Amino acid sequence: MPQGPMWSVTDGTFRNLNPKGNFWYPPECDTTLQNEDRWFNKPNITIRSHDEMLKVYHATVGNNCNLLLDFAPDESGLIPNAHVDAYRKLGAFITACYSKQPTIRTYGSGYTIEADVEPFVRVDRIVIQEATEEGQRVLAYTVEILLPGHGWSTVVTSDSIGHKRIFVLDAAVAASGIRLVVSDALDEPIIHSLAGYDCSEL
């Protein structure tokens, strides 16, 4: 699992990801459904819970990483039913949450990207995507939410964006606006999407 920012570029050294490198090298994060980092099927090995798999998804796909998740056939050559159910449940959540219309969304270029709504919408997570056909440019940023009657509040302080970052808030909040403020970048930031979702009731 990633322990820090994941960059899609490298300086040419294998796996030495470097935001100022010259080679495009999207990172891969591999892990297992079974506990104990078990790649091959073994009787009596338990599998991760649904909540754990959601954390895996957000820590990998939600951290600019391609997720490689194993399948472990049993001795009959089939995937155990409990594993199939776990994969289906994870996929169903991802589809239900992230395939629906965001409650608020904008895009654009520049060091500040902002969207406002009236009177407010519910947001429990932020999804940011750079236009990576122009490279990974953003090096440091904050995300702010406009809380009705309270002004702007910083909810995220981070570095890498790349293809996708997902930040799950502690709880859903009422938001009248969302704003990305980039404090450091290699070139003018180009943001494919800055969006707020509400998946708190799924």
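So, here's what we can say about the structure.

Counting secondary structure elements, the chain contains 2 helices and 10 strands. Listing the helices and strands of the chain from first to last along the sequence gives β-β-β-α-β-α-β-β-β-β-β-β. For the chain, the spread of C-alpha atoms along the principal axes amounts to about 55 × 45 × 25 Å. The 202 residues of the chain split such that 46% are buried. Partitioning the intrachain contacts of the chain with sequence separation of at least 6 by distance along the chain shows that 70% fall at a separation of at least 24. Carbon and sulfur atoms provide 49% of the accessible area of the chain, an area that totals close to 10,900 Å². Averaged over its 16 positive side-chain charges, the chain has a centre that lies 3 Å from the centre of its 26 negative ones.

Right, let's talk about the sheet that holds strand 5 (residues 104-109) for a bit. Here we have 6 strands laid out as an open sheet, ordered 5-10-6-9-7-8, and antiparallel in their pairing. Strands at the two margins of the open sheet, each flanked by one partner only, are strand 5 and strand 8 (151-158). Ignoring which end each strand starts from, the neighbouring axes of this sheet average 35° apart. By the bridge criterion, 7 bridges tie strand 7 (residues 138-147) to strand 8 in an arrangement that is antiparallel. Bridging across to strand 8, tyrosine 141 finds its partner in serine 158. Each of strand 6 (112-130), strand 9 (165-185) and strand 10 (190-197) is contacted by helix 2 (residues 81-98), which is oriented at about 125° to strand 6, the strand it contacts most.

Right, let's talk about the environment of glutamate 133 for a bit. Considering the arrangement of structural elements, one finds glutamate 133 in the loop between strand 6 and strand 7. Classification of glutamate 133 as exposed rests on a relative accessible area of 66%. Linking glutamate 133 and arginine 105, residues 28 residues apart in sequence, is a C-alpha distance of 20 Å.

One finds Ile126, Ile128, Tyr141 and Leu180 to be the most contacted residues of the largest nonpolar core, which totals 23 residues. Those elements that place two or more of their residues in this core are strand 6, strand 7, strand 9 and strand 10. For leucine 180, the residues in contact, after removing those within four places along its chain, are Tyr111, Thr112, Ile113, Ile128, Tyr141, Thr142, Val143, Ile191 and Leu194. Core analysis: the next-biggest nonpolar cluster, separate from the first, contains 19 residues, Leu54, Ala86, Val127 and Ile166 among them.

Attention now moves to the state of the cysteines. Scanning the entire structure with this criterion turns up 2 disulfides. In this model, cysteine 29 is linked to cysteine 65 through a disulfide, with the two sulfur atoms separated by 1.9 Å. Its torsion about the S-S bond being 105°, the disulfide of cysteine 29 and cysteine 65 is classed as right-handed. With cysteine 29 in strand 3 (residues 28-31) and cysteine 65 in the loop between helix 1 (50-60) and strand 4 (66-69), the pair connects residues that are 36 residues apart, well separated along the chain. Put simply, cysteine 97 and cysteine 199 are joined by a disulfide, and their sulfur atoms are 2.0 Å apart. Here cysteine 97 and cysteine 199 share a disulfide; its torsion about the S-S bond, 85°, makes the bridge right-handed.

Conventions adopted
Residues numbered from 1 in each chain as written. Predicted model: local features only at pLDDT ≥ 70, side-chain atom pairs only at ≥ 80, totals over all residues. Heavy atoms only, no water. Helix = DSSP H or I, 4+ residues; strand = E, 2+ residues; numbered from the N terminus. Buried < 20%, exposed > 50% of the residue type's maximum accessible area, 1.4 Å probe, protein only. Contact = heavy atoms within 4.5 Å. Areas by Shrake-Rupley, 256 points an atom, 1.4 Å probe, with all protein chains shown as cover. Lys, Arg positive; Asp, Glu negative; His and termini not counted. Charge placed at Lys NZ, Arg CZ, Asp CG, Glu CD. Pairing = 2+ DSSP bridges. Axes fitted to C-alpha atoms, helices over the stretch in contact; angles between N-to-C directions. Core = buried A, V, L, I, M, F, W, Y, C linked by side-chain atoms within 4.5 Å. Disulfide = S-S within 2.5 Å.

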